[in-house]
Amino acid sequence: MLRTLAEMEGIKTVTPGVIGTGKGRCESLVLRVTTRTIGGYKLIARKGRKTQEIFLVTHKDSTCLKEYINKILNK
């Protein structure tokens, strides 16, 4: 899924980050835009109890990223 996101227009780099364990459970995969960073955004991916940080370098805004993510998740 990250490869698909990396191939989308306007996204320069996708860097997977730390994998951790969360307190709650999330049955299906959820990608959420959380924080603006220098040059892009930080995303959180969750499935089950596992969470992972994902860093994107892009010039797109958060609403565009949310649309990209919805396209990927609905495939």
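Every value quoted in this text rests on a predicted model; they were computed, and no experiment measured them.

(A) Representation of the pattern of salt bridges in the model. Scanning the model with the defined rule gives two salt bridges in all. Put simply, R25 and E27 hold a salt bridge, and the shortest N to O gap is 3.9 Å. On the basis of relative accessible area, R25 is assigned to the exposed category, the value being 56%. In this structure, E53 engages K42 in a salt bridge whose closest nitrogen and oxygen atoms are separated by 3.2 Å.

(B) Region of interest: the pairing of strand β2 (residues 40-58). The pairing of strand β1 (residues 11-37) with β2 spans 16 bridges and is classified as antiparallel. Directly across from R32, in β2, lies its bridge partner I44. In this structure, the hairpin formed by β1 and β2 is closed by a connection of two residues, where G39 is found at a positive phi of approximately 90°.

(C) Looking closely at helix α2 (residues 62-73). Taking 1.5 Å as the rise per residue, α2 with twelve residues should run 16 Å; its terminal C-alpha atoms sit 16 Å apart, in good agreement. Residues L65, Y68, I69 and I72 constitute the buried set of α2. What you see down the axis of α2 is that its buried residues fit within an arc of 100°, all on one side. Residues of α2 that are exposed and angled more than 90 degrees away from the buried face: E67 and K71.

Cut-offs used in this document
Residues numbered from 1 in each chain as written. Predicted model: local features only at pLDDT ≥ 70, side-chain atom pairs only at ≥ 80, totals over all residues. Heavy atoms only, no water. Salt bridge = Lys/Arg side-chain N within 4 Å of Asp/Glu carboxyl O. Buried < 20%, exposed > 50% of the residue type's maximum accessible area, 1.4 Å probe, protein only. Pairing = 2+ DSSP bridges. Helix = DSSP H or I, 4+ residues; strand = E, 2+ residues; numbered from the N terminus. Expected span 1.5 Å × (residues − 1). Arc of directions from axis to C-beta.

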